[in-house]
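Close look at the chain arrangement
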Amino acid sequence: MNLISIPAFQDNYIWVLTNDEGRCIIVDPGEAEPVLKAIEQNQWQPEAILLTHHHHDHVGGVAAICAKFPHLVVCGPAETQNKGTTRVVEDGEKILILESEFSVIATPGHTLGHISFFSFPYLFCGDTMFSGGCGRLFEGTPAQMYQSFQKINALPEDTLICCAHEYTLANMKFAMHVLPEDVAIQDYYHKVNELRAKNQKTLPGILKNERKINLFLRVNDIDLINKFTKETNMQQPEQCFAWLRAKKDNF
């Protein structure tokens, strides 16, 4: 399978997986026009759409794409039923598309019904985990997002984190603010800064790197715990996660 990212809006990526025959899967098409243009240019044959959650910048293009390709199966969580989903999928379910098996993983936090799709090495995690960061908690709790991160962290280290937004530079600026002496964070911040200066994308991330540079995966890290306990007496990982998310909200 070949992975392609299609830029949309200001900082979204719509992901497309294609096989050697040009059949493809579209993930979170918030906008139809760039997807339809890419389909025409590459002569792809769309087979399915995968939706991670109900926000407009992830589902806004579904109707127009399905109008052009009415045979498409649209898989998504229950919260996307009124956004064009034709097959509601749930945590633990496995779906077969283009001879590839996708596991459905409940990853609530950003929204209550948010799901991710995993078919090694690809994880389509919507707005749950970003490179160097995590999604805003619009509907869920820090504890829910913490548990969602634990599920992602249990995947193989070579998993590609195909998140939906180019937020890496902002996330690494925050990481530098929290742990300015951390060498891995310093190195990755400089790498990302160079890429973005050239208008190059930083995604997908790789889980083994995220474990080094994503503070939200490091809530058991002694350096972070020491920083955390200077501001509060709470020491549980879920509490550290909540503290981090609150700091990021106000950064």
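Reading the values: the criteria
Residues numbered from 1 in each chain as written. Predicted model: local features only at pLDDT ≥ 70, side-chain atom pairs only at ≥ 80, totals over all residues. Heavy atoms only, no water. Pairing = 2+ DSSP bridges. Helix = DSSP H or I, 4+ residues; strand = E, 2+ residues; numbered from the N terminus. Contact = heavy atoms within 4.5 Å. Axes fitted to C-alpha atoms, helices over the stretch in contact; angles between N-to-C directions. UniProt positions renumbered as here; feature names shortened; annotations may be inferred. 1 Å grid on protein atoms, 1.4 Å probe; cavity = no way out; pocket = protein on both sides within 12 Å on 5 of 7 lines; lining within 4 Å. Buried < 20%, exposed > 50% of the residue type's maximum accessible area, 1.4 Å probe, protein only. Phe/Tyr/Trp six-rings, centres within 6.5 Å; stacked < 30°, edge-to-face > 60°.

Observations concerning the sheet that holds strand β10 (residues 122-126)
- Read across the sheet, six strands follow the order β7-β8-β9-β10-β13-β14 without closing on themselves; strand pairing throughout is mixed. In this open sheet, the two edge strands, each paired with only one partner strand, are β7 (94-97) and β14 (205-206).
- Where β7 meets strand β8 (residues 100-106), four bridges bridge the pair, whose relative direction is antiparallel. The residue of β8 that forms the bridge with I95 is F102.
- Its contacts with the sheet put helix α4 (residues 142-153) on β8, β10 and β13 (160-163), and the angle it makes with β8 is roughly 155°.

Remarks on the UniProt feature "binding site: Zn(2+) 2" (unreviewed entry) in the protein chain
- Under the present numbering, the feature "binding site: Zn(2+) 2" (unreviewed entry) in UniProt falls on D57, H58, D127 and H165. Over a stretch of 109 residues, the named residues converge on one spot in the fold, their C-alpha atoms separated by at most 10.6 Å. Cross-referencing the annotated residues with the lining of the largest pocket gives D57, D127 and H165.
- With respect to the helices and strands, D127 occurs in the loop between β10 and β11 (129-130).
- On the basis of relative accessible area, D127 is assigned to the buried category, the value being 4%.
- If we skip the residues at most four places from it in the chain, D127 touches H53, H58, H110, H114, G135, M145, A164 and H165.

Digging into the pairing of strand β1 (residues 2-8)
- Pairing analysis gives seven bridges linking β1 to strand β2 (residues 12-18), with the strands arranged antiparallel. Within the sheet, the bridge partner assigned to I4 lies in β2 and is V16.
- Taking the residues between adjacent antiparallel strands as the criterion, β1 and β2 are bridged by three residues, where F9 takes a positive phi near 50°.

A look at the sheet that holds strand β3 (residues 23-27)
- Taken in spatial order, the six strands make up an open sheet running β1-β2-β3-β4-β5-β6, and their pairing is mixed. Of all strands in the sheet, those bounded by a partner on one side alone are β1 and β6 (87-88).
- Pairing between strand β4 (residues 45-50) and strand β5 (residues 73-76): three bridges, direction parallel. Pairing of A48 across the sheet is with V73, part of β5.
- The strands touched by helix α1 (residues 33-42) are β1, β2, β3 and β4; relative to β1, the strand with the most contacts, the crossing angle is about 140°.

Looking at the packing of aromatic side chains
- One pass over the structure, following the stated rule, counts nine aromatic pairs.
- Ring plane angle 50° and centroid distance 5.9 Å describe the contact between Y13 and W15, whose orientation is recorded as tilted.
- Take Y13: its relative accessible area is 8%, and that puts it in the buried class.
- Owing to a relative accessible area of 2%, W15 belongs among the buried residues under this scheme.
- Centre to centre, the rings of Y122 and F124 are 6.4 Å apart; their planes meet at 20°, and the pair counts as stacked. Of the two residues, Y122 and F124, neither departs from the other in class, the shared state being buried.
- Among the aromatic side chains, those forming a connected cluster through ring pairs are Y146, F149, F216 and F241.

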